[in-house]
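# Reading the structure
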Amino acid sequence: MNLDTPVTAFSTLIRTASHEQHTEAETSTFMSDLLGGRLGVDAYTRYTEQLYFVYAALESGARELAGDPVAGPFVQPELMRLAALERDLEHLRGPGWRSTLAALPATRAYADRVAECARTWPGGYVAHHYTRYLGDLSGGQIIRDRAERTWGFARKGDGVRFYVFEDIANPAAFKRAYRELLDRVPADDLEKQRIVTECRQAFALNTAVFRALGEEFPLSA
Ligand code: HEM
């Protein structure tokens, strides 16, 4: 290492590199309409349904990665969201919710890419893990608050359990520890660059899902 070169922490690098896409995702038409209370609960339900496919891919791949030196430290039971999504969907769609599940093509592409990384590339899995879970712990809390107010879900109850991390008492501390894990990821600079590129891809895949949802739920003037 050249001691004259300031070293940017990986957690800073990945956040900075995805900043622009974060703004794009946050201000997408679908997200703005959803958070602005301009869409019905059917749009929120459809979005929650899409998340189900993404987390099924993230979390079914997790167990095999638990012992992996790169991805393993990120696999933490308190993050797991699939059971919460199942409860939310049962509340939103009723007891037959499983037979109604349908992924949009954009969601299928996203979930397939996550599953491929889980199978073949732990570093890529870390990129997807970071993009979803750190986001859920951050902006997810804003989405929960709006959803409760707009569609009348019980505070932290059925319908918004996806956003409630029951086993994380202090999200700020958890995020700090998560960033330290990123900073310690055993990868060389080239591999870190690849992970950053995959993170940007993860944001693009999210934005594509928002675009498809926006087409399905256009605002009627
Ligand atoms: C309207 C929707 C969104 C809002 C309001 C929002 C808001 C926020 C806020 C306020 C933070 C900063 C938290 C902090 O500094 O600790 C944050 C961080 C983050 N968000 Fe979002 N976000 C939204 C959508 C998304 C989406 C769609 C994704 C990706 C799927 C995402 C991924 C992330 C990530 C990965 C971070 C962590 C950045 C870091 O500190 O490394 N967010 N979000």
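Residues numbered from 1 in each chain as written. Predicted model: local features only at pLDDT ≥ 70, side-chain atom pairs only at ≥ 80, totals over all residues.

The protein chain is annotated in an unreviewed UniProt entry as Heme oxygenase of Streptomyces ruber.

### A closer look at the overall build of the protein chain
Helix and strand content of the protein chain: 12 helices and zero strands. Based on the C-alpha atoms only, the size of the protein chain along its principal axes is roughly 60 × 35 × 35 Å. Looking at the 221 residues of the protein chain, the share that counts as buried comes to 33%. Partitioning the intrachain contacts of the protein chain with sequence separation of at least 6 by distance along the chain shows that 82% fall at a separation of at least 24. (Helix = DSSP H or I, 4+ residues; strand = E, 2+ residues; numbered from the N terminus. Buried ≥ 20, exposed ≤ 12 C-beta atoms within 10 Å, placed from the backbone. Contact = placed C-beta atoms within 7 Å.)

### Quick notes on the packing of helix α4 (residues 41-60) against helix α8 (residues 105-120)
Their axes nearest at 8 Å, the elements α4 and α8 cross at an angle of 10°. What the angle tells us is that α4 and α8 run roughly parallel. Seen from α4, the contacting residues are Q50, F53, V54, A56, A57 and L58; seen from α8, they are T107, Y110, A111, V114, A115 and A118. Its residues assigned to classes, the contact of α4 with α8 comprises 10 nonpolar, two polar and no charged. (Axes fitted to C-alpha atoms, helices over the stretch in contact; angles between N-to-C directions. Parallel < 35°, antiparallel > 145°, perpendicular 65-115°, else oblique. Nonpolar A, V, L, I, M, F, W, Y, C, P; charged D, E, K, R; others polar.)

### Focus on the site of the ligand
Residues in contact with the ligand amount to 17 residues; listed here are only the nearest, R15, A25, G135, S138 and G139. Within the residue set of the shell around the ligand, elements represented by two or more residues are α2 (19-26), α3 (29-35), α9 (122-137) and α12 (189-216). For the shell around the ligand, the element with the highest residue contribution is α9, accounting for five residues. Grouping the constituent residues of the shell around the ligand by class yields seven nonpolar, six polar and four charged. (Near = placed C-beta within 6 Å.)

### Details of the packing of helix α1 (residues 10-17) against helix α11 (residues 171-183)
Taken N-terminus to C-terminus, the directions of α1 and α11 make an angle of 100°; their axes are 7 Å apart at the nearest point. In terms of orientation, α1 lies roughly perpendicular with respect to α11. Contacts from F10, S11 and I14 of α1 reach α11 at R179, L182 and D183. Tallied by class, residues from the contact of α1 with α11 come to three nonpolar, one polar and two charged.

### Concerning the nonpolar core
Counting 51 residues, the largest nonpolar core has V54, A57, V114, V126, Y130 and C199 as its most contacted members. In contact with Y130, other than residues within four places in its own chain, are I14, L182 and C199. (Core = buried A, V, L, I, M, F, W, Y, C linked by C-beta atoms within 7 Å.)

### Looking at α1
Every buried residue of α1 is accounted for by F10, S11 and I14. Angularly, the buried residues of α1 cover 105° about the axis, an arc narrow enough to put them on a single face. Against α9, α11 and α12 lie the buried residues of α1. (Arc of directions from axis to C-beta.)

### Observations concerning the UniProt feature "binding site: heme b" (unreviewed entry) in the protein chain
As annotated by UniProt and renumbered to match this structure, "binding site: heme b" (unreviewed entry) occupies R15, H22, Y130 and R179. Topologically, R15 is positioned in helix α1. Taking the C-beta count within 10 Å as the criterion, R15 has 17 such neighbours and is therefore assigned partly exposed. Turning to its location among the elements, H22 is positioned in helix α2. (UniProt positions renumbered as here; feature names shortened; annotations may be inferred.)

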